[in-house]
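# Residue-level structural notes
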Amino acid sequence: MNEDPRTATRVDVVVAGNGPIGAACARHVSERRPELRVAVLDSERLRSGSDDLGRIARPLDAEGRDEWTALNARSIDGFEEAERLSGIQFFTRKGSLAIGSEAFVERGAARLRARGVTHERRTNADGGVAEAWGFLARDGIPSEYEAVWDEVGGYVNPHAMRAAQNALMRRASEGRATVTRTTCERVESNAATGECEVRTSTGETYACDVCVLACGFYTEPLARECGLLTDDASADFGDVKIARRTVLLAEVLESEALGALATMPTIKYEAKSVYVLPPIYYPGPEPAPGWYIKIGGGPLDYFDKSDPSWARTERELADWMSSDGDEVVADQLQEILFHLFPSTNFQSLTSKACAYSTSDDGSLKIQTLGPGANIIAVGACQGKGAGPADAIGADVAERALRALDARRAP
Ligand SMILES: Cc1cc2nc3c(=O)[nH]c(=O)nc-3n(C[C@H](O)[C@H](O)[C@H](O)COP(=O)(O)OP(=O)(O)OC[C@H]3O[C@@H](n4cnc5c(N)ncnc54)[C@H](O)[C@@H]3O)c2cc1C
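Anyway, here's the lowdown on the structure attached to this text. (Residues numbered from 1 in each chain as written. Predicted model: local features only at pLDDT ≥ 70, side-chain atom pairs only at ≥ 80, totals over all residues. Heavy atoms only, no water.)

## A few points about the packing of helix α1 (residues 20–32) against helix α11 (residues 389–408)
Definition in use: All axes are obtained by fitting lines to C-alpha atoms, using only the stretch in contact for helices, and the reported angles, taken between N-to-C directions, cover 0 to 180 degrees. Note on conventions: DSSP H or I runs of at least 4 residues are helices, E runs of at least 2 residues are strands, and numbering of each starts at the N terminus. Here is the rule for angles: anything less than 35 degrees is roughly parallel, anything more than 145 is roughly antiparallel, 65 through 115 is roughly perpendicular, and the remaining ranges are oblique. Note: crossing handedness is left-handed where the near helix turns anticlockwise from the far helix by less than a right angle, and right-handed where it turns clockwise. Pairs of residues are marked as contacts when any of their non-hydrogen atoms sit within 4.5 Å. Under the convention adopted here, Pro, Cys and the residues Ala, Val, Leu, Ile, Met, Phe, Trp and Tyr are nonpolar, Asp, Glu, Lys and Arg are charged, and Gly plus all remaining residues are polar.
Axis separation between α1 and α11 bottoms out at 7 Å; the angle between their running directions is 55°. By the criterion of interaxial angle, the relationship of α1 to α11 is oblique. In the packing of α1 onto α11, the handedness of the crossing is right-handed. Side by side, α1 and α11 meet where P20, I21, A24, C25, R27, H28, V29 and R32 of the first sit next to A389, D390, I392, G393, A394, V396, A397, E398 and L401 of the second. Among the residues forming the contact of α1 with α11, the class breakdown is 11 nonpolar, two polar and four charged.

## Examining α1
The following threshold applies: Take the residue count of a helix, subtract one, and multiply by 1.5 Å to get its expected span. Residue exposure (1.4 Å probe, protein chains only): buried if accessible area is under 20% of the type maximum, exposed if over 50%, otherwise partly exposed.
Taking 1.5 Å of rise per residue, the 13 residues of α1 would be expected to cover 18 Å, and the 18 Å separating its terminal C-alpha atoms lies within 8% of that figure. Among the residues making up α1, those that are buried are P20, I21, G22, A23, A24, C25, A26, R27, H28, V29 and S30.

## Quick notes on the sheet that holds strand β5 (residues 91–93)
Sheet strands associate in pairs through backbone hydrogen bonding, adopting either a parallel or an antiparallel arrangement. To keep things clear, this is the line we draw: A pair of strands counts as paired when DSSP detects no fewer than two bridges linking them.
Pairing is antiparallel across the open sheet formed by three strands, whose spatial order is β4-β9-β5. Two strands close off the open sheet at either side, each with one partner strand: β4 (55–57) and β5. Put simply, the sheet's adjacent strands are angled 30° from each other on average, direction ignored. Of the pairings in the sheet, the one linking β4 to strand β9 (residues 154–156) comprises three bridges and is antiparallel in character. Opposite I56, over in β9, you have Y155 as the bridge partner.

## Observations regarding the packing of aromatic side chains
As a reminder, the rule being used: Geometry of aromatic contacts follows a simple scheme: Phe, Tyr and Trp rings, the Trp one being its six-membered ring, pair when their centres are within 6.5 Å, and the pair is stacked under 30 degrees between planes, edge-to-face over 60, tilted otherwise.
Scanning all chains against the criterion turns up nine aromatic pairs. Plain terms: the ring middles of Y218 and W310 are 5.6 Å apart, the flat faces sit at 45° to each other, and that makes the pair tilted. You can see Y218 sitting in the loop between β14 (210–213) and α6 (219–225) and its partner W310 sitting in helix α9 (residues 310–321), a full 92 residues away along the chain. Each of the two residues, Y218 as well as W310, counts as buried.

## Here we look at the sheet that holds strand β11 (residues 184–189)
Across the sheet, which stays open at both edges, the four strands sit in the order β1-β13-β12-β11 with mixed pairing between neighbours. Looking at which strands have only one partner, the edges of the open sheet turn out to be β1 (9–10) and β11. Where β1 lies against strand β13 (residues 205–208), two bridges are found, and the strand directions are parallel. Its bridge partner lying in β13, T9 is registered against Y206.

## Structural notes on the side chain of R55
Condition: Two N or O atoms form a polar contact when they lie within 3.5 Å of each other; inside protein one atom must be a possible hydrogen donor and the other a possible acceptor, and for residues adjacent in sequence the pair counts only when both atoms belong to side chains.
Locating R55 in the fold gives a position in strand β4. Overall, the relative accessible area of 18% leaves R55 in the buried class. Polar contacts involving the side chain of R55 include one to the main-chain carbonyl oxygen of G49, which spans 2.6 Å. Among the polar contacts listed, one links the side chain of R55 to the side chain of D52, at a separation of 3.4 Å. Discounting chain neighbours no more than four positions away, the residues touching R55 are G49, S50, G154, Y155, V156, P158, L277, K294, C354 and A386.

Spelled out as structure tokens, the structure:
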């Protein structure tokens, strides 16, 4: 790779960030235009919002939004083929269960009906929910609650999904697309030439036609730091905020993971707005090797944006991500977990900090930035961007190729 700051490495597309969305975007660019040189640059130091072994993928959106439901459905449809072609398994089909008020459950059920997804519905008037899913509390779930279950959903392993997307990208591009560990520190679009220049932490410079910022919760701070959020068009993207999140990993015995909990689907529980993942084996060292159920959710706690400088944001995020999260939230999650799973024999509890970006209207933001209209920023995944990442990545790839074609049009 070019390390001389005076001469840039010339590629067609730079994708900053090799998370679920950046990896999917790069793969779709390469599959659609195998002749393009694509440089995926993934930070050697910044933490990823998907650094975990389980992220829920549902055929519907838990909040009942059509935009997200469609992205989820398109992504899940492509999992089997991506696994087969890459030889890397990343999706575990366990089904998905949503438990809540009649209105909450109907929102999801209506979308499953509309898409022809086979599903079952239960009321809890006579303890029907605990009867169907024996590990759940018979008395704890309100009697007026209902549940809807589908067998299509499950969870993805984000690391494996990224590896599969990278393998498919390399295969399609025959080596023209690469992944490099480095942090994009400066992204500029030259108004005169329309070319983008990307400077990295390891002293390299890339010149490209189009740059995609798929840096997870770092996208908005990076775009801001690079002066890309100054005009009206980008004002909307500037509203993206970063929320602190805490999850609890609750260790279960292998005999329970493979026994009573073997059929456990992913769960969205309306009361307290929490989600729960079925037991996943974590190989250690952190948390210690074993089977863990994960619970997360609760109210959003935003980072202060009154001084959104890059230095402050990076420092605050680094401090937060290396902490155990919020103790109060962890205690609340523990209480809900024990209440929902009264007969499960939990061995240990580990809380973890994480973060994701949100927008005020709950929608995903894919925004074209820069004077050359050739920087595409992705943000506000609302804590649900890993399951639908393949479809989001395909849409971002489409946008990037349109920008590339517009730039090269005679
Ligand atoms: C606690 C928690 C639970 C969640 N649960 C779910 C769930 O159940 N289902 C679901 O679908 N989603 C879930 N999410 C959300 C999901 O993880 C994110 O939406 C998803 O990871 C977003 O993918 P991404 O590729 O945009 O970003 P990320 O996964 O954060 O990846 C971004 C990548 O870019 C790199 N990067 C950052 N800055 C730079 C830079 N300047 N230069 C180069 N590289 C850079 C990072 O190192 C990282 O590798 C959850 C999130 C959290 C925090």
